[in-house]
Amino acid sequence: MKSFVSRSRLKIALLLGALVSAPAPSWGQANTGASPPADPVDEIVVVGKNIPNAQRNTSEVVSVLTPEDLSRTGDDTVAAALIRLSGLSLVSGKFVYVRGLGDRYSSALLNGSPLPSPEPLRRQVPLDLFPSSILGGATVQKTYSPNYPGEFGGGVIDLRTVDTPDAGFLTAKLGSGFNTASTSRNGFTYRGTRSDWTGLGGQLRDTPSLLQSAIDQGKLINSVNFTPAEVEAIGESLVNSPLTVIQRELQDPDLKGEITAGETLELGDFELGLVGVVGYDSQQRTEDAVRQSVNAGLVEDDFRSITTNWDIVFNAFASAGLRLSEDHLVKLTGLLVRSTQKKARMSDGVDANAAGTIGIHEEATAWYERQLASFQLSGDHFFGPLNVRWRAAAAESRRDAPYERAVAYDKTPNFPLIYSGRTLGNRTRFSYLNDQMFSAGLDADYTLALSDFRDAVFSAGIVYAKTDRDYAQRSFSFVETTTDPGLIPNSVRVNRPDFLFQPDTIRPDGFQLQEFTGRDDSYDGFLENKAAYVAVDAEIIPRVHIAAGARYEDADEEVRTQNSFGLAPFAAPVNIENDYFLPAATATWNFAEDMLLRAGYSRTIARPQFRELAFTPYIDPETDRIYQGNPFLTDSRFANYDARYEYYLGRNRFVTLAGFYKKISDPIEEVILATQGSTVTRFINAPQAKLYGGEFEYRTRFEMPFAVPVLENPQWLFAISYTLTFSEVSGTDELIVDPSQLPTRVLAPASVFALDGTTLQGTPKHIVNSQFGWEAERSQTTLLLGWVSERITRRGLGALPSTRETPGVQLDVVHKQDIEIHGQKFVLGLSARNLLGADHEEFQLSTAGRTEANSYARGRTVSASLTAEF
């Protein structure tokens, strides 16, 4: 892309004999297209130095992740790399929260286009799926501007992929690692197929043809709709031993491989830039977790759950940029990410609701395939002072979960393990999610010279986005068709699952397959959003800039639960049609040399997610918690106030101090309810909430006053950011939908749910990110420290206490070393993660004391990689 310099800065640069090819200035970009005029200048006033910094050269409050940052921290995924920025925290190792607000309030864009999420419970794409090698940088914008979608709470994460290379390159990377809590230790697995290491499930996990034929008939599968012989044949067609029998196995070390290539080709008057990345990542982790639940001060469940996950990620990225001339660039980008998890779990414990037992033992296996594919065609064109940008993107995310299986045994005084035949003591589920998204946008900006020293940039754009989601789930169980205990003797009931449910026991007078799919167990979701915006960015008086504008959005969101066997759903259809006028303004005052003061105001929204609206029950495979949506949720509305002081000390050296305040109407909260001897997580619109706090960030580079013998002229770096956040939910007399009465709409005073004065869900009070290290000619070392304080993950109602999480302190060290072997250049990478051994801690506090909702050791991870550069 062509680099432009405003008239005033160009004159100063020429007169000072510097910065002829400097980066774009802080404010606007004017395409002068000619040499500066020769008329004399009597007086030149220079306000500030030209210190290139992407964070400074914007009209908004942002945090920027540069390619140099990515190289230094050595993070393998986009999620891990982003949490090095101020105000960002990581949840479940996948989801990045901005200023502590949940993922529903933080959106991510890839080259300006939205992406659908393959996670049923999340709106945000899990950023651990993206390798950091595809990134050319990222910007986290914390003040709203109209060119971004109106769904803006904590901020927007704008990811930019690698661009056209200046020269051809080829790198090959191979790495391995181990985790102290998992690698070379016994974990659980099941046979599966020989190709499981590829992340492809193979035909073994396809829905059996007899079962699929029965499903296609549009009837519940049971002895009423099908003959006993047909039901028996369908039950016997389910794959058994390879997908059911759990065995112990030593866990392998981590394995990672990646090839990156790029080339620039001259095609006559055109220039074609090509970049490609292909990667594979495999890691096995065991979570030895304590899982307890408490109700009215009494511990109801107390389990030790040992889960082994084998995560396999394959990713491919390709980009082709065709430069038609110096002023015109067309770019095609394709991304494919495929993530597979092979899960095996054994749990032992006590369930207070299971009478007559001294304990319960459960075995579960599962296979989850997630895939995200995205294609984008975009263009950037300069016509003198007019810049036109366009983009069109199609994306699809899928999640396939065949054969989620579980079997529960009782521990009794007479038998260590025996199948009791309790209701749903075994289950087999098949589920599938498909999200398809199309988006397109056209943006234009025009630079107008207000004087020889000041410019104004006028911009406008139109955006269209449409998302279609289809989620289907079928649930089955083998039920006993006889009350005669002699037909299924104890000698059979003590067997492992494949012998327990096998052709000799699956019969009309034994175990019979029965479908338990509910009326609302599948749903369709649709969201169409049409938007337009106008904005201006101008230096209205010397050293004072105003960026202001407004966005109009007209959106239609629909969710309908359904089933394929002709029964009327319990939940009413959802149709939310709203249009919004969303203003935004940010003023920046360059009041002293290299000092800026910004202040901003905006109004934004957050729409409920499909999953939050659908009454369809969903079991989270990570925690075994049941989630169910609320069809009566409404949009959340934000009023945002921001201010930040910035002092730039030099290149990559600055100090910032920011404050923020957000008033939220109808914020969406996850709540825990007690239902029929179990708990379920649902969603409510709390009446009001406010969130306010401050951010401090300091970044510098320096030289030590003494020499370090082993290092050659090192440059030291230090960076620290701290975010302090206070939040409060309010409302007593307002009426809200009672989540315990769903899917019926029953209103109750907010005071019934004791929301007033509580902390906003998901918001920690403290977030700290810091770096300390050095860079020399051939080596680089960085010590990384992060801390996130306690936060509420699910709000408890009534006698159920809230679930809380303590992420703890994360200490990492990363080292890179350039080496040469037989004339070939290599880069040796070493990293040690979680050096302090912080555990995953999720707990509840009640009169019973602290009970562990889901706590386990994460272990320490050490890895090494070797990258060849050709």
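Structure: see above.
In this text the structure is predicted, and so the values were computed from the model without any measurement. (Residues numbered from 1 in each chain as written. Predicted model: local features only at pLDDT ≥ 70, side-chain atom pairs only at ≥ 80, totals over all residues. Heavy atoms only, no water.)

**Q** Mind showing me how you'd approach the overall build of the chain here?
**A** Looking only at helices and strands, the chain features 9 helices and 42 strands. Over its C-alpha trace the chain gives a radius of gyration of 29 Å, about what one expects of a compact globule, namely 29 Å for 870 residues. Based on the C-alpha atoms only, the size of the chain along its principal axes is roughly 110 × 70 × 55 Å. Residue pairs in contact within the chain that sit at least 24 positions apart in sequence constitute 73% of those at least 6 positions apart. Carbon and sulfur atoms make up 57% of the accessible area of the chain, which totals about 35800 Å². Looking at the chain, you have 82 positive and 107 negative side-chain charges, and the mean spots of the two groups are 2 Å apart. (Helix = DSSP H or I, 4+ residues; strand = E, 2+ residues; numbered from the N terminus. Rg over C-alpha atoms; globule rule 2.2 N^0.38 Å. Contact = heavy atoms within 4.5 Å. Areas by Shrake-Rupley, 256 points an atom, 1.4 Å probe, with all protein chains shown as cover. Lys, Arg positive; Asp, Glu negative; His and termini not counted. Charge placed at Lys NZ, Arg CZ, Asp CG, Glu CD.)

**Q** Would you take a moment to explain the nonpolar core for this structure?
**A** Nonpolar side chains in soluble globular proteins tend to be buried together. Ranked by internal contacts, the top residues of the largest apolar core, which has 37 residues, are L101, V559, L755 and L760. Among the elements of the structure, β20 (522-541), β21 (544-562), β22 (574-592), α9 (610-613), β27 (653-665), β28 (668-675), β29 (678-685) and β30 (688-702) are those that each provide at least two residues to this core. In this view, L760 contacts L101, I664, P667, E669, A689, L691, S727, V729 and R795; residues no more than four positions away in its chain are not counted. Membership of the second largest hydrophobic core comes to 32 residues, among which are L82, L88, L110 and F317. (Core = buried A, V, L, I, M, F, W, Y, C linked by side-chain atoms within 4.5 Å. Buried < 20%, exposed > 50% of the residue type's maximum accessible area, 1.4 Å probe, protein only.)

**Q** Sorry, what's going on with the pattern of salt bridges here?
**A** A side chain with one charge can pair with a side chain of the opposite charge if their charged atoms come near. The full count for this structure, using the stated rule, is 34 salt bridges. A salt bridge links E151 to R607; the shortest N-O distance between them is 3.2 Å. One end of the pair, E151, is in the loop between β6 (135-141) and β7 (155-161); the other, R607, is in the loop between β23 (595-606) and α9, with 456 residues separating them in the sequence. The same class applies to E151 as to R607, namely buried. Ionic contacts of the salt-bridge type, sharing partners, join the residues E151, R551, E553 and R607 into one network. (Salt bridge = Lys/Arg side-chain N within 4 Å of Asp/Glu carboxyl O.)

**Q** Which parts of the structure should I look at to understand helix α5 (residues 228-236)?
**A** An α-helix turns once per 3.6 residues; consequently, residues spaced three or four apart project the same way. The set of residues buried in α5 consists of V231, I234 and G235. For α5, the buried positions fall inside an angular range of 100° around the axis, keeping them on one side. Looking at the packing, one finds that the buried side of α5 touches α4 (209-216), β18 (455-480) and β19 (511-515). (Arc of directions from axis to C-beta.)

**Q** Before we go on, may I ask you to explain a nonpolar patch on the surface in this structure?
**A** The grouping of F383, L386, Y446, L448, L450 and F458 at the surface amounts to a nonpolar patch, some 520 Å² of accessible area in total. Residue L448 is classed as partly exposed on the basis of its relative accessible area of 37%. (Patch = residues over 30% accessible without salt bridge, like charges linked within 9 Å, V, L, I, M, F, W, Y side chains within 5 Å.)

**Q** Even after reading the chapter, I still don't get the sheet that holds β6, so can you show me in this structure?
**A** A sheet is described by the order of its strands in space; here 5 strands give the open sequence β1-β6-β7-β4-β5, paired in mixed fashion. Each end of this open sheet is capped by a strand with a single partner; those strands are β1 (62-65) and β5 (113-114). Sheet analysis places β6 next to β7, joined by 6 bridges and oriented antiparallel. Among the inter-strand pairings, T139 is bridged to a residue of β7, identified as D158. (Pairing = 2+ DSSP bridges.)

**Q** Would you explain α4 in this entry?
**A** Among all positions of α4, only L211, A214 and I215 are buried. Along the long axis of α4, the arc covered by the buried residues comes to 100°, so they all point the same way. Summarising the geometry of α4, the exposed residues directed more than 90 degrees from the buried face are S209 and D216. Taken together, the buried residues of α4 touch α5, β17 (426-449) and β18. Downstream of α4 by one or two residues, G218 has phi in the positive range, about 75°.

**Q** Could you clarify how one ought to interpret the packing of aromatic side chains in this entry?
**A** Aromatic ring pairs: the centre-centre distance and the angle between the two ring planes describe each pair. According to the stated counting rule, one finds 21 aromatic pairs in the structure shown. Ring centres of Y471 and Y618 lie 6.4 Å apart, and the angle between their planes is 75°; this geometry places the pair in the edge-to-face category. Residue Y471 is found in strand β18, and its partner Y618 is found in strand β24 (residues 618-619); the two are separated by 147 residues along the sequence. Each member of the pair, Y471 as well as Y618, is classed as buried. Relative to F718, the ring of Y698 lies with its centre 6.3 Å away and its plane at 55°, an arrangement referred to as tilted. Placement of the pair is Y698 in strand β30 and F718 in strand β31 (residues 715-730), with a sequence separation of 20 residues. (Phe/Tyr/Trp six-rings, centres within 6.5 Å; stacked < 30°, edge-to-face > 60°.)

**Q** Where do I start with the pairing of strand β8 (residues 169-179) in this structure?
**A** The side chains of a regular strand alternate between the sheet's two faces. For β8 and strand β11 (residues 254-267), the ladder comprises 9 bridges, and the chain directions are antiparallel. Along β11, the bridge assignment pairs K173 with E258. In terms of strand pairing, β8 meets strand β42 (residues 861-869) through 9 bridges, oriented antiparallel. In the strand pairing of β42, L174 is matched with L866.

**Q** It is not clear to me how a negative patch on the surface should be interpreted in this structure. Could you clarify?
**A** On the surface, E712, E777, D818 and E869 cluster together to form a negatively charged patch. One can find D818 in strand β38 (residues 808-821).

**Q** Just checking my understanding: could you explain the pairing of strand β37 (residues 803-806) for this structure?
**A** Here β37 shows a clear split, with T803 and E805 buried on one side and none of R804 and T806 buried on the other. Alignment of strand β36 (residues 791-796) against β37, held across 3 bridges, turns out to be antiparallel. Bridged to I792 within β37 is R804. The hairpin turn running from β36 into β37, its antiparallel successor, is 6 residues long, and G798 in that turn takes a positive phi close to 65°.

**Q** I keep staring at the side chain of T244 and nothing clicks. Help me out?
**A** With respect to the helices, strands and loops of the structure, T244 is situated in helix α6 (residues 241-244). A distance of 3.2 Å separates the side chain of T244 from the side chain of R405, its partner in a polar contact. Apart from the residues lying within four places of it in its own chain, the contact partners of T244 are V239, T365, R405, P497 and D498. (Polar contact = N/O pair within 3.5 Å; in protein donor to acceptor, adjacent residues only side chain to side chain.)

**Q** Honestly, the environment of R389 in this entry has me stumped. Any pointers?
**A** Within the secondary structure, R389 sits in strand β16 (residues 386-411). Classification of R389 by relative accessible area gives partly exposed; the value is 25%. Leave out the neighbours within four places in its chain, and R389 touches G379, D380, G441, L442, D443 and D445. Here D445 takes part through its side chain, which lies 2.7 Å from a polar atom of the side chain of R389.

**Q** Would you explain unusual backbone geometry in this entry?
**A** In this structure, P743 follows L742 across a cis peptide bond, with omega equal to 10°. Position of P743 relative to the elements: it lies in the loop between β32 (735-737) and β33 (747-749). For H822, which is not glycine, the phi torsion reads 55° and is therefore positive. When you line up the elements, H822 lands in the loop between β38 and β39 (824-833).

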